[in-house]
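Listed below are the residues making up each chain.
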Amino acid sequence: MSKLGQVVESVENYDKFVLEQVKSARSDQKFGRELMGRWNDTKAKIPVSRTPTGLPLPRLALPEIDEPGEIARYIFGEGLPGEFPYLNAAYREMYLEPVREIESFEKNASKIDKKIPQAEEPTRLFSGLMLAEDTNERFHYLTQHQRTHRLSTAFDGPTLYGIDSDADGVFGKIGEGGVAIDTVEDMVRLYDGFDLGSPNFSASMTISGPAPIIMAMYIAAAKRRFGPKVVPKLRGTIQADIFKEVQAQNETIFPIEPSLRFLTDMVEFTTGEMPRWYPISISGYHIGEAGSTPVQQAAYTLSNGFAYAEMFAARGIPIDQFGPRLSFFLDCGLDVEYIALARVSRRIWAIGMRDVFGAGPKAQLLKLHTQTSGRSLIAAEFKNNLTRTAAELMLAYMNATNSCHSNSADEPFTTPSEEWIRLAAHGQAILLEESGIFKHTMNMLSGSPGMKAVERAVEAAILDEFREIERLGGVLAAVEERYQRSQIQNAAHRYEQQIYDGTRPIIGLNRYRDGAEEIPAVKLARTPRKKQQLQVDRLAKFKKKNAEKAKRALDKLAEVVERGENFFPMLLDAVEVCSLGQITGRLQEVVGRFRPMV
């Protein structure tokens, strides 16, 4: 039995364990009294705060139960926020305002309370357009009202494929749909003006195929600005998920085995040298956007995560060293499964990591970034996308996501404009800051009978997917059989068929459509030719300046790869004098190019 098969068994055994605890709590009076005492003690210690209107509310909402069996079901089956199996939340408190004295409203009803330090916002702001300085300007625009700067970066097509901007046939794609990054100098420009070593700054980079090269450029850029001592302080994540590329997104540039080797080299380096960095974001978002069902998205993402854990452990990296540095990325659409998808995923991950991999508490946590569904955004009556995104944000925060990005309503047409990207960010601020839904009480919307029914159904369906992947020989074998890709394609076809035949209502498209509506006049974001030429000219200057050094660096890099050593330290040297395309091309000469499986 593979590790994934063991995960299925461990989740089933844990569910049986919970039932046994329920029975024991009801039959064993001593055990029942201990649970009652623990429960009552927990409730007694919950702080109480007041809303702006003066209403007292507990910081943590617990179900009104006083029967030992039901208490056991809650404690062991769900866990308090921040406690195994982490169904309710990875941490004890999330999104809440700082504690105020309970009397503050009564004593100072007519006064404004003094400013209280706030926790880090979960909002992550996403951008990438034209050249590095253009994206940098957008980043500064987006963060002007943020206490903490959590930036997520989109790259253009050539960069995603490890191709230089001066390559044949890519000129028109430079800076389109993301930012063009060819060299470490571009990376310096991209984050200019931000303190990369600050505890209040983190960078996320949405790139997988050439992720180790881009990661090395980021480190090199930080060292140029702040010196080598900044490296352990760097905070953020890089996507780097090769499995989801092969399963769903197609941005793969090396064969699968070398890709996984390069990824593991990067993980080995960063877990040892960069304790605050997440070197892989195990990504279900792109699986969902490619057309999967919510259950398929969660199942493939979790199974990929367990496969990475097995791979990194086989390299000799301690589970409790790399485990806390894994992060996850899920889509959040409008299907009912999303009311509990992330909650169930957190539970399965915690059980599998503890019982199969022997991970400690920090490595059991599934730390999650959520993005509202791009696939749910439609061009017809596109302003309705604001409502779709708002509903998806509610679901994401009900699932206690650690960070979140909200898509812009104009994305069916173009790279988001400042107007719509501001409205998207404000959607999160309204939900988290203006409304009282999440800022006063943990578990405000958790645990309804309907949510519990969805949790049970989703867990069973995910385990069924695990069993099928196990039957095929595990994640890598299933990838080679194109299992995940074929299932995603089938689900995508069903989704479109349901829209076509009306069984999946899309307001403004196949239901309640205004027949007189014309296509709106939306200004499209396009990179001017002079900017594209500027990028090519900068690259030519960089290559000319470093020609001799680049040749030596590439030779050394190739030698390290051929010897089977960890290539990342040498990659850090290479990015100082070599472009992205030069490095990609030389590595492809050594390990080959990715060829899609038939």
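Structure shown above.
Here goes a summary of the coordinates provided. Computed from a predicted structure; not experimentally measured.

## Examining the environment of asparagine 546
Part 1 of the argument: Take asparagine 546: it is sitting in the loop between α21 (529-545) and α22 (547-563).
Part 2 of the argument: According to the relative accessible area criterion, asparagine 546 is buried, its value standing at 7%.
Part 3 of the argument: For asparagine 546 and isoleucine 46, which are 500 residues apart along the polypeptide, the C-alpha to C-alpha distance reads 62 Å.

## Some words on the packing of aromatic side chains
Part 1 of the argument: Tallied over the entire structure, the rule returns 29 aromatic pairs.
Part 2 of the argument: Consider the rings of phenylalanine 312 and phenylalanine 322, whose centres lie 5.4 Å apart with planes at 80°: the pair is edge-to-face. Pair noted here: phenylalanine 312 is in helix α12 (residues 294-315) and phenylalanine 322 is in helix α13 (residues 319-322), with a separation of 10 residues, a long-range link. Across the pair, exposure class does not vary: phenylalanine 312 and phenylalanine 322 are buried alike.
Part 3 of the argument: Residue placement shows arginine 325 over the ring face of tyrosine 278; its charged tip is 4.3 Å from the ring centre.
Part 4 of the argument: For the cation-ring pair, arginine 375 lies above tyrosine 495, with the distance from its terminal atom to the ring centre recorded as 4.0 Å.

## Considering the sheet that holds strand β6 (residues 236-238)
The pairing of strands in a sheet comes from backbone hydrogen bonds and takes either a parallel or an antiparallel form.
Part 1 of the argument: The five strands are arranged β3-β4-β5-β6-β7 in an open sheet whose pairing can be described as parallel. The sheet is open, and its two borders are formed by β3 (125-127) and β7 (277-278), each paired with just one other strand.
Part 2 of the argument: Taken together, the three bridges between β3 and strand β4 (residues 149-154) define a ladder with parallel strand orientation. If you follow leucine 125 over to β4, its bridge partner there is leucine 151.
Part 3 of the argument: Along the sheet, helix α5 (residues 132-142) contacts β3 and β4; its crossing angle with β3, the most-contacted strand, is approximately 160°.
Part 4 of the argument: Across the sheet, helix α8 (residues 211-226) lies against β5 (201-206), β6 and β7, angled at about 155° from β5, the strand it touches most.

## Concerning the pattern of salt bridges
Part 1 of the argument: Inspection of every chain in the model, using the stated rule, returns 34 salt bridges.
Part 2 of the argument: Glutamate 70 serves as the salt-bridge partner of arginine 73, at 3.1 Å between the closest nitrogen and oxygen. Of this pair, arginine 73 and glutamate 70 both sit in helix α3 (residues 68-77), separated by three residues, roughly a single helical turn.
Part 3 of the argument: Its relative accessible area of 33% is what places arginine 73 among the partly exposed residues.

## Looking at the sheet that holds strand β9 (residues 326-332)
Part 1 of the argument: As summarised here, the arrangement of the four strands in space is β8-β9-β10-β11, forming an open sheet in which the pairing is parallel. Of all the strands in the sheet, just β8 (280-283) and β11 (403-405) have a single pairing partner and so form its edges. Averaged over all adjacent pairs, the angle separating strand axes in this sheet is 25°, with direction ignored.
Part 2 of the argument: Two elements, strand β10 (residues 368-372) and β11, share three bridges in a ladder whose sense is parallel.

## A short note on the side chain of serine 259
Part 1 of the argument: By the secondary structure assignment, serine 259 is in helix α10 (residues 256-273).
Part 2 of the argument: Looking at serine 259, the relative accessible area reads 5%, which means it is buried.
Part 3 of the argument: In contact with serine 259, other than residues within four places in its own chain, are Ile242, Thr252 and Phe254.

## A short note on α10
Part 1 of the argument: With 18 residues, α10 extends 26 Å from end C-alpha to end C-alpha; this agrees with the ideal 26 Å at 1.5 Å per step.
Part 2 of the argument: Where burial is concerned, most of α10 is hidden: 13 out of the 18 residues are buried.

## What to know about the side chain of serine 208
Part 1 of the argument: With respect to the secondary-structure elements, serine 208 resides in the loop between β5 and α8.
Part 2 of the argument: Using a relative accessible area of 3% as the deciding quantity, one classes serine 208 as buried.
Part 3 of the argument: Within polar-contact distance, the side chain of serine 208 engages the side chain of lysine 244 at 3.5 Å.
Part 4 of the argument: Setting aside residues no more than four positions away along its own chain, serine 208 makes contact with Gln239, Ala240, Asp241, Ile242, Lys244 and Glu245.

## A look at the pairing of β4
Part 1 of the argument: Of all six residues making up β4, five are buried, and the element is well covered by its neighbours.
Part 2 of the argument: Remark: the β3/α5/β4 crossover connection has right-handed handedness.
Part 3 of the argument: By the bridge criterion, six bridges tie β4 to β5 in an arrangement that is parallel. If you follow threonine 153 over to β5, its bridge partner there is methionine 205.

## A short note on the pairing of β9
Part 1 of the argument: Burial analysis of β9 places seven of its seven residues in the buried class, which makes it a mostly covered element.
Part 2 of the argument: Neither face of β9 is open: one carries Leu326, Phe328, Leu330 and Cys332, the other Ser327, Phe329 and Asp331, and all of them are buried.
Part 3 of the argument: In the sheet, β8 pairs with β9 via four bridges, with the strands oriented parallel. Each bridged residue has a counterpart across the sheet, and for serine 281 the counterpart in β9 is serine 327.
Part 4 of the argument: Direction of pairing for β9 relative to β10: parallel, over a ladder of five bridges. Opposite cysteine 332, over in β10, you have threonine 372 as the bridge partner.

Thresholds, definitions, all that
- Residues numbered from 1 in each chain as written.
- Predicted model: local features only at pLDDT ≥ 70, side-chain atom pairs only at ≥ 80, totals over all residues.
- Heavy atoms only, no water.
- Helix = DSSP H or I, 4+ residues; strand = E, 2+ residues; numbered from the N terminus.
- Buried < 20%, exposed > 50% of the residue type's maximum accessible area, 1.4 Å probe, protein only.
- Phe/Tyr/Trp six-rings, centres within 6.5 Å; stacked < 30°, edge-to-face > 60°.
- Lys NZ or Arg CZ within 6 Å of the ring centre and 35° of its normal.
- Pairing = 2+ DSSP bridges.
- Contact = heavy atoms within 4.5 Å.
- Axes fitted to C-alpha atoms, helices over the stretch in contact; angles between N-to-C directions.
- Salt bridge = Lys/Arg side-chain N within 4 Å of Asp/Glu carboxyl O.
- Expected span 1.5 Å × (residues − 1).
- Polar contact = N/O pair within 3.5 Å; in protein donor to acceptor, adjacent residues only side chain to side chain.
- Right-handed = clockwise from strand over helix to strand, strands pointing away.

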